[in-house]
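Listed below are the residues making up each chain.
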Amino acid sequence: MTQLSAAQTPQAKPSDSGKALYGGKSTRRITVRDIALAKERGEKWPMLTAYDAMTASVFDEAGIPVMLVGDSAGNCHLGYETTVPVTLDEMAMLSAAVVRGTSRALVVADLPFGSYQEGPVQALRSATRLVKEAGVGAVKLEGGERSHRQIELLVESGIPVMAHIGLTPQSVNAMGYRVQGRGEEAAAQLLRDAKAVQDAGAFAVVLELVPAELAAEATRVLHIPTVGIGAGAETDAQVLVWTDMLGLTGGRVPKFVKQYADLRAVMGGAARAFAEDVVGGTFPREEHSVH
Ligand code: KIV
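So, here is what we can say about the structure in this document. By convention here, each chain's residues receive numbers from 1 onward along its written sequence. Local features in this predicted model are restricted to residues whose pLDDT is 70 or higher, and side-chain atom pairs enter the listing and the counts only when it is 80 or higher, whereas totals over whole chains, interfaces and linings include all residues. Side-chain metrics rest on all non-hydrogen atoms present in the structure, leaving aside hydrogens and water.

## Brief notes about the site of the ligand
Our working rule: Neighbouring residues are identified by heavy atoms, a residue being near a molecule or strand if any of them is within 4 Å of it. Think of a polar contact as two N or O atoms within 3.5 Å of one another; within protein, one of them needs to be a possible hydrogen donor and the other a possible acceptor, and neighboring residues in sequence only count if both atoms come from side chains. For the area figures, the Shrake-Rupley method with a 1.4 Å probe applies, and any residue is considered shielded solely by the protein chains shown. Gly is put with the polar residues, along with every residue not named as nonpolar or charged; the nonpolar set is Ala, Val, Leu, Ile, Met, Phe, Trp, Tyr, Cys and Pro, and the charged set is Asp, Glu, Lys and Arg.
Lining the immediate environment of the ligand, one finds Thr49, Leu68, Gly70, Asp71, Ser72, Asp110, Lys140, His164, Val206, Glu208, Ile229 and Val241. Separating an oxygen atom of the ligand from a side-chain N or O atom of Asp71 is a distance of 3.1 Å. Within the side chain of Ser72, a nitrogen or oxygen atom sits 2.5 Å from an oxygen atom of the ligand. Protein contacts shield 96% of the accessible area of the ligand, which totals 260 Å² for the unbound molecule. Partitioned by chemical class, the residues of the shell around the ligand number 4 nonpolar, 4 polar and 4 charged.

## Overview of a nonpolar patch on the surface
Short version of the rule: To count toward a patch, a residue needs a relative accessible area above 30% and no salt bridge. Like charges then connect within 9 Å, nonpolar side chains (Val, Leu, Ile, Met, Phe, Trp, Tyr) within 5 Å. By convention in these notes, a salt bridge is any Lys or Arg side-chain nitrogen within 4 Å of a carboxyl oxygen on Asp or Glu. A run of DSSP states H or I qualifies as a helix once it reaches four residues; a run of E qualifies as a strand once it reaches two. Both are numbered from the N-terminal end.
A grouping of Phe274, Val278 and Phe283 is seen on the molecular surface, where their side chains present a nonpolar patch of about 270 Å² in accessible area. Here Phe274 lies in helix H11 (residues 263-280).

## A look at helix H1 (residues 32-41)
Worth spelling out the cut-off: When a residue's accessible area, from a 1.4 Å probe over protein chains only, is under 20% of the maximum for its type it is buried; when over 50% it is exposed; and in between it is partly exposed. Should any heavy atoms of two residues lie within 4.5 Å, those residues are considered in contact.
Taken together, the buried positions of H1 are occupied by Arg33, Asp34, Ile35, Leu37, Ala38 and Lys39. Those residues of H1 hidden inside the fold are in contact with strand S1 (45-49), strand S2 (66-69), strand S3 (106-110) and helix H9 (212-221). One or two residues past the end of H1 sits Gly42, with phi positive at roughly 75 degrees.

## With respect to the nonpolar core
Note the threshold: What we call a nonpolar core is a set of buried Ala, Val, Leu, Ile, Met, Phe, Trp, Tyr and Cys residues that are connected through their side-chain atoms within 4.5 Å.
Core analysis: the biggest nonpolar cluster contains 58 residues, and Leu130, Val139, Ile151 and Leu154 have the highest contact counts within it. Tallying contributions element by element places helix H4 (residues 88-100) first for this core, with 7 residues. Look past the residues within four positions of Leu154 in its chain and what remains in contact with it is Leu111, Ala123, Leu124, Ala127, Val139, Leu141, Ile159 and Val161. Within the second largest apolar cluster, 19 residues are counted, among which are Val108, Ala138, Phe203 and Ile229.

## Observations concerning the sheet that holds S1
Put simply, the test is: The criterion for strand pairing is that DSSP finds at least two bridges linking the strands in question. For every element, the axis is a line fit to its C-alpha atoms; helices are fit only across the contacting stretch, and the angle between N-to-C directions ranges from 0 to 180 degrees.
Taken together, 8 strands build a closed barrel; the order of strands is S1-S2-S3-S4-S5-S6-S7-S8 and the barrel is parallel. Between one strand axis and the next, the sheet turns through 25 degrees on average, direction left out of account. Where strand S4 (residues 138-142) and strand S5 (residues 161-166) come together, 4 bridges link them in parallel fashion. By the bridge assignment for S5, Val139 is matched with Val161.

## Structural notes on unusual backbone geometry
Across the chain, the bulk of peptide bonds are trans and the bulk of non-glycine residues have phi less than zero. Of the consecutive residues Phe283 and Pro284, the connecting peptide bond is found in the cis state with omega at 0 degrees. Within the element layout of this structure, Pro284 appears in the segment after H11. Residue Leu209 is not a glycine yet carries a positive backbone phi of 50 degrees. Take Leu209: it is sitting in the loop between strand S6 (204-208) and H9.

## Side note on the packing of helix H6 (residues 148-156) against helix H8 (residues 184-200)
We apply this condition: Any angle that falls under 35 degrees is termed roughly parallel, while one over 145 is termed roughly antiparallel, one within 65 to 115 roughly perpendicular, and all others oblique. For any helix crossing, the convention is left-handed if the near helix is rotated counterclockwise from the far helix by under a right angle, and right-handed if that rotation is clockwise.
Interaxial distance between H6 and H8 falls to 8 Å at its minimum, and their mutual angle equals 25 degrees. The angle between H6 and H8 places the two elements in the roughly parallel class. Our pair here, H6 against H8, has a crossing hand that is right-handed. Only Ala196, Val197 and Ala200 of H8 make contact with H6, whose side of the interface consists of His148, Ile151, Glu152 and Val155. Per-class residue counts for the contact of H6 with H8 are 5 nonpolar, 1 polar and 1 charged.

Below you can see the structure in the form of C-alpha cells.
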C-alpha cells in the first residue's frame, strides 16, 4: 500500500503548511500529517525518548514534537540488560504515563519483542492495545522487508507506524550491536528495507547506526522522513535516548550521543547533600517544620 503524500491528502489545508514542528505555535497535538508536511518543507525535527509522565512533560514544554516511548525503557528505566525482556504490559503502562504527561507531542510507542513477530494479526492486537489503553498516536516496530506485512495491516487499520531499520536492538542476540549497511550488498539491503516500509505505509523510518552517506541516500530517495540515531547529519530528524542525552545513563554511552547535561552528577550530588544534612542534623530546619 502506498501512502498518500501530504499534498494528495484530501483534508490538506493551506494554513497547516506554515507551522514548524519545532518552534511553531501549535496548541494541539502533532499528527502524522504534520510530520509529512515537515518533510515537504525540508524541515528537520527532534525526537526524544520518554518513559514517564514527569520527564515527558518537561520535553513537551520544551517543544519536542515527537516523543518515543522506546523499548529502550528496558535498559534505561526498568533495569534489564537489553530491550528483549520488555513486555507489552510494561509498554502500555509507560506509554499511558507519557501520554498523560504531554499535550502537544505526538507519542509513538514501541511494540516490544514478541508482540508482533508472529504476524500481522498479532501486531494489530498489540498495537490496538497501545492505541486504545495508552492513547498513543502511533507505534514503532523493527524490521524492513521482514515486517512489511505487519506495517500494511496496521496502517490499513488506521494505526500510524514508524518503522525502524539498520541496527534493530530487539535482534541483539542475532546481530549484536554493530554498524549496519556497510559494504555494497548490505547497503543495497538497507535501501530495499527502507523502500519496503515506505511502500507498506509507514509514516517515518528510524535509521539506527548506519553509515552517514547511506542514511543521506535513503533520505533523498524516500518521501517519508528518516529519523537518524548514529546515522549522520543528513536525516530529516534526529532521535536520542533521553537518559544518554542528559547524562543519566551510567557507564559508556555510544559515540553518536551528544551529552547536553550531567544529570547523574547533579542527582548524585543532591542525594549526598541530603544524606549529609540528615546525618548532621541540619535538615529539616525550622522553616521545613509544621506546628
Ligand atoms: O527504543 C528506543 O529508544 C529506540 C530508539 C533508539 C530509536 O528504538
